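# Chain and residue survey
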Amino acid sequence: INNGGFTSVKRSFLFGWKLSEVKFEDVRVYLVERKMGRSRRSFLTQLGTSKGFIVEDVLSDKVTHVVSENSQAASLWKWLKECASMDLPNVHVLDISWFTDSMREGRPVAVETRHLIQDTEPTSAEGSTHTLMATVSQYACQRRTTTENNNKIFTDAFEVLAESYEFNEIEGRCLAFRRAASMLKSLPRAVRCLGEMQDLPCLGEHTKAVMEEILQCGCSFEVKKLLSDERYQTFKLFTSVFGVGPKTADKWHRRGLRSFSDILADRSIHLNRMQQSGFLHYGDISRAVSKAEARSLRNIIDGAARAITPAAILALTGGFSRGKEFGHDVDFIVTTPELGREESLLPEVIDGLKKQGILLYCDYHASTFDVAKLPIRRFEAMDHFAKCFLILRLEGSRVEGGLNSAEGDGRGWRAVRVDLVSPPMDHYAFALLGWTGSRFERDLRRFAGAKRGMLLDNHALYDKTKNEFLAAETEKDIFAHLGLEYIEPWQRNA
Ligand code: CTP
Ligand code: MN
Ligand code: MN
């Protein structure tokens, strides 16, 4: 349409290149074409070049002055961060006023505040976008994740989506959102713009789209829709009962049941023992367990185990061993150095708790552990050690600072969930590492298989290339076998 315009661009380029000498070696200008438009950009390029300025065609780390016209600060910076492979803090991002002032003066004028297009997003102590991204591994076991989550706005949304996929048994997508959330939890600060996502692992099209929407609108509409979705709400309610998983929730939902009173009123529904206890103690066990309550339970279990054998070993594991302030239960390893003795230890501990009158529910699983059957090559949700899932009665008088009870609860006690596992001492380190939990432990297994040709589970570590088991006394030994830097439990909140 406009051949004349094209010719003039070409001519001015030749003019600038051939006839102007460079006067200011240290200044390299880049003109942002966005908003400015192509023809104005070439006119300004010609003008700058004729005055002895170097005007770069592409944005590279050589550029010292980025000049933009009519741009909104936020969108300009967002765009710059997306396309820049350079350290942005080292360049001046300037309004056209700097350029016109410089043209008028015939030299690059000093940068003043009024020339600057300020980044509206605060820069953190961590510095440039690239220090955030460069070193993030796709494996949680190669990341340090404390309980401080700088990306809660995204991870909360991902958890809703993951849950929804879990309810619908779409495992792949559920896992994708959980892995993405876990990765984000490890970052030293919040993800602030689209460009920062490019180099991060574990993010796919869908996860990125959700994040982009949250960045732009403050929330995800897909998540909002789910939160008000009747099916999601019902599944969420039903699966909050101890002993109810997605399959049972689905069965009840299909029958048209929508509330606890619907379930309890339906005489054709059979609740198993676990679910009965779940309903009976619903208020208590859906309430978070505090650190002080966990400490008190530790003393109770410790006393019960030592009454059986003074050599008993008790270790806190699960979320509280990762330094969490609250948990949905308290997890312990209870064992003894005397090999084989651990099998009868657990029933005896349970018996002791019963005699104290504090055992409200007990689901005991005897050991099915057999060294001869190791290594286990297919995935199993549960390990083979002796274990029990309990509900205990915890007296307020035994808790420093009192119980974490609801306001107006005058009973002086509450029900709490406690898990105990009892591995033989020569497998203690593997059980401890496994039960410390979170995505960290799942990625350790995945890492072992994919990167080291090894099989890791709660029982053992097997080297498939050497065809041998690798013994370990401590968690550190296991990390060393895997060629991984040791990561403390409080840094495993993946
Ligand atoms: N575990 C298991 N088999 C089960 C239940 C738990 O092997 N049937 C182990 C897992 O290794 C899991 C760990 O126990 O990683 C902790 O599980 P859980 O108590 O559910 O999670 P926490 O991380 O402790 O979180 P919370 O604070 O909510 O309890
Ligand atoms: Mn736990
Ligand atoms: Mn548990």
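Residues numbered from 1 in each chain as written. Chains lettered and ligands numbered in written order. Predicted model: local features only at pLDDT ≥ 70, side-chain atom pairs only at ≥ 80, totals over all residues. Heavy atoms only, no water.

Looking at an unreviewed UniProt entry, the protein carries the name DNA-directed DNA/RNA polymerase mu, with the source organism given as Cyclopterus lumpus. Quoted straight from UniProt, the Sequence similarities (unreviewed entry) entry for the protein says "Belongs to the DNA polymerase type-X family." According to its UniProt record, the protein has this under Subcellular location (unreviewed entry): "Nucleus". (UniProt positions renumbered as here; feature names shortened; annotations may be inferred.)

## Topic: the coordination of the manganese ion (ligand 3)
Surrounding the manganese ion (ligand 3) are the protein donor atoms Asp 329 (OD), Asp 331 (OD) and Asp 419 (OD), at 2.0 to 2.2 Å. Spacing between the donor residues of the manganese ion (ligand 3) along their common chain follows D-x1-D-x87-D. (Donors = N, O, S within 2.8 Å, 3.2 Å for Na, K, Ca; no water.)

## Some remarks on the pairing of strand β11 (residues 413-422)
Within β11, 10 of the 10 residues are buried, which leaves it mostly tucked inside the rest of the structure. Going residue by residue along β11, you find Trp 413, Ala 415, Arg 417, Asp 419 and Val 421 tucked away on one face and Arg 414, Val 416, Val 418, Leu 420 and Ser 422 tucked away on the opposite face as well. Bridge analysis of strand β8 (residues 330-335) against β11 gives 4 bridges, and the strand direction is parallel. Bridge pairing in β11 links Ile 333 to Val 421. Bridge count between strand β10 (residues 386-395) and β11: 10 bridges; the pairing is antiparallel. Opposite Glu 395, over in β11, you have Trp 413 as the bridge partner. (Buried < 20%, exposed > 50% of the residue type's maximum accessible area, 1.4 Å probe, protein only. Helix = DSSP H or I, 4+ residues; strand = E, 2+ residues; numbered from the N terminus. Pairing = 2+ DSSP bridges.)

## Describing the side chain of Ser 220
Among the structural elements, Ser 220 can be located in the loop between α8 (205-217) and α9 (221-227). The exposure class of Ser 220 is buried, given its relative accessible area of 3%. In terms of polar contacts, Ser 220 uses its side chain to reach the backbone amide nitrogen of Glu 222, at 3.3 Å. At a separation of 3.1 Å, a polar atom in the side chain of Ser 220 contacts the main-chain amide nitrogen of Val 223. (Polar contact = N/O pair within 3.5 Å; in protein donor to acceptor, adjacent residues only side chain to side chain.)

## Digging into the UniProt feature "binding site: Mg(2+)" (unreviewed entry) in the protein
As recorded in UniProt, the feature "binding site: Mg(2+)" (unreviewed entry) lies at Asp 329, Asp 331 and Asp 419. For the annotated residues, spread through 91 residues, the largest C-alpha to C-alpha distance comes to 7.3 Å, consistent with a single compact locus. In this structure, Asp 329 sits in the loop between β7 (326-327) and β8. The contact partners of Asp 329, leaving out residues within four places of it in the chain, are Val 289, Phe 320, Arg 417 and Asp 419. Among the structural elements, Asp 331 can be located in strand β8. (Contact = heavy atoms within 4.5 Å.)

## Side note on unusual backbone geometry
What is expected of a backbone is that most residues other than glycine have negative phi and most peptide bonds are trans. Residue Leu 374 is joined to Pro 375 through a cis peptide bond whose omega torsion reads -5°. Looking at the element boundaries, Pro 375 is found in the loop between β9 (359-365) and β10. If you check the backbone angles, Cys 202 has positive phi at about 65° while not being a glycine. For Cys 202, the position within the fold is in the loop between α7 (171-185) and α8. In this structure, Ser 438 is a non-glycine residue whose phi angle is positive, near 65°. Position of Ser 438 relative to the elements: it lies in helix α19 (residues 438-452).

## Observations regarding helix α4 (residues 96-105)
At 3.6 residues per turn, the α-helix brings residues three or four places apart onto the same side. Most of α4 sits inside the fold, with 7 of its 10 residues counted as buried. Of the positions making up α4, those classed as buried are Ile 96, Ser 97, Trp 98, Phe 99, Asp 101, Ser 102 and Met 103. Summarising the contacts, the buried residues of α4 are in contact with β1 (28-31), α2 (38-50), β3 (65-68) and β4 (92-95). Two residues or fewer after α4 comes Gly 106, characterised by a positive phi angle close to 75°.

## Quick notes on the site of ligand 1
Of all residues adjacent to ligand 1, which total 15 residues, the nearest are Gly 319, Arg 322, Lys 324, His 328 and Asp 329. Contacts to ligand 1 include Gly 319, whose backbone N or O atom sits 2.8 Å from an oxygen atom. With respect to ligand 1, the side chain of Asp 331 contributes an N or O atom lying 3.1 Å from an oxygen atom. In the complex, 75% of the free accessible area of ligand 1, which totals 600 Å², lies under the protein chains. (Near = heavy atom within 4 Å. Areas by Shrake-Rupley, 256 points an atom, 1.4 Å probe, with all protein chains shown as cover.)

## A short note on the coordination of the manganese ion (ligand 2)
Those donors, Asp 329 (OD) and Asp 331 (OD), are the protein atoms that reach the manganese ion (ligand 2), and they lie 2.0 to 2.1 Å from it. Here the manganese ion (ligand 3) and the manganese ion (ligand 2) are spaced 3.5 Å from one another, each receiving a donor from Asp 329. Each member of the pair, Asp 329 as well as Asp 331, is classed as buried.

## Side note on the nonpolar core
One finds Phe 158, Leu 184, Val 191, Met 211, Phe 238, Trp 252 and Ile 263 to be the most contacted residues of the largest nonpolar core, which totals 39 residues. Among the secondary structure elements, those contributing two or more residues to this core are α6 (152-167), α7, α8, α9, α10 (230-239), α11 (246-254) and α12 (260-265). Sorting elements by how many residues they give to this core places α6 first, with 8 residues. In this structure, this core is formed jointly by two domains, domain 2 (125-226) and domain 3 (229-280), each of which donates at least three residues. Other than its neighbours up to four places away in sequence, Phe 158 contacts Phe 177, Ala 180, Ala 181, Leu 184, Thr 207, Val 210 and Met 211. Among the nonpolar cores identified, the runner-up in size contains 31 residues, and Ala 292, Phe 320, Val 349 and Leu 353 belong to it. (Core = buried A, V, L, I, M, F, W, Y, C linked by side-chain atoms within 4.5 Å. Domains from an automatic or database assignment.)

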